[in-house]
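# Examining the three-dimensional arrangement
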Amino acid sequence: CDAEANPCTDVHATCANTPGDFSCDCNAGYENTGSGTGAGVVCGDIDECDDYPCDGNAECTNDATPGTDAYSCFCNDGYENTGSADVVCTDIDE
C-alpha cells in the first residue's frame, strides 16, 4: 500500500499490507457489501438503527458520517427522555 496512491477504489476502504499482497478493508461504520473484492471492494454504510433499536416511543437516526459507527435516539413528540445513557421515553403528563 502506498500512502499517496491508495489502490482501494472505495473511499470508505483502507489498504492493509499483507505478505506479498494487500487487502482493502472497510472503515468503521461500513461493511463489505459483497459486490466487489480486492481493490474493488465495495463498502456500504452500516445502519446501526437495525442493530440497536431505540425505545418504542423514540425515533432512531443513523449517523452516516464517514469514520463513525454511531446513531442517535430522540423521543417522539409528547414524550421525554427519563433515561441516562440509554434513551427511555416516557409520556409527558400534559
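A short tour of the structure in this document, coming up. All figures in this text were calculated on a predicted structure; none of them were measured in a lab.

### Observations regarding the state of the cysteines
Throughout this description, disulfide means a covalent bond between two cysteine sulfur atoms. Following the criterion strictly, the structure yields six disulfides and no others. Across a sulfur-sulfur distance of 1.7 Å, C1 and C15 are joined as a disulfide pair. Classification of the bridge connecting C1 and C15 rests on its S-S torsion, roughly -70°, and on that basis the disulfide is left-handed. Residue C1 is found in the segment before β1 (13–18), and its partner C15 is found in strand β1; the two are separated by 14 residues along the sequence. Here C54 engages in a disulfide with C73; their sulfurs sit 1.9 Å apart. Judged by the torsion about the S-S bond (-80°), the C54/C73 disulfide is left-handed. Residue C54 is located in the loop between α1 (48–51) and β5 (58–63), and its partner C73 is located in strand β6 (residues 70–75); the two are separated by 19 residues in the primary sequence. The exposure class assigned to C73 is buried, which follows from its relative accessible area of 18%.

Thresholds, definitions, all that
- Residues numbered from 1 in each chain as written.
- Predicted model: local features only at pLDDT ≥ 70, side-chain atom pairs only at ≥ 80, totals over all residues.
- Heavy atoms only, no water.
- Disulfide = S-S within 2.5 Å.
- Helix = DSSP H or I, 4+ residues; strand = E, 2+ residues; numbered from the N terminus.
- Buried < 20%, exposed > 50% of the residue type's maximum accessible area, 1.4 Å probe, protein only.

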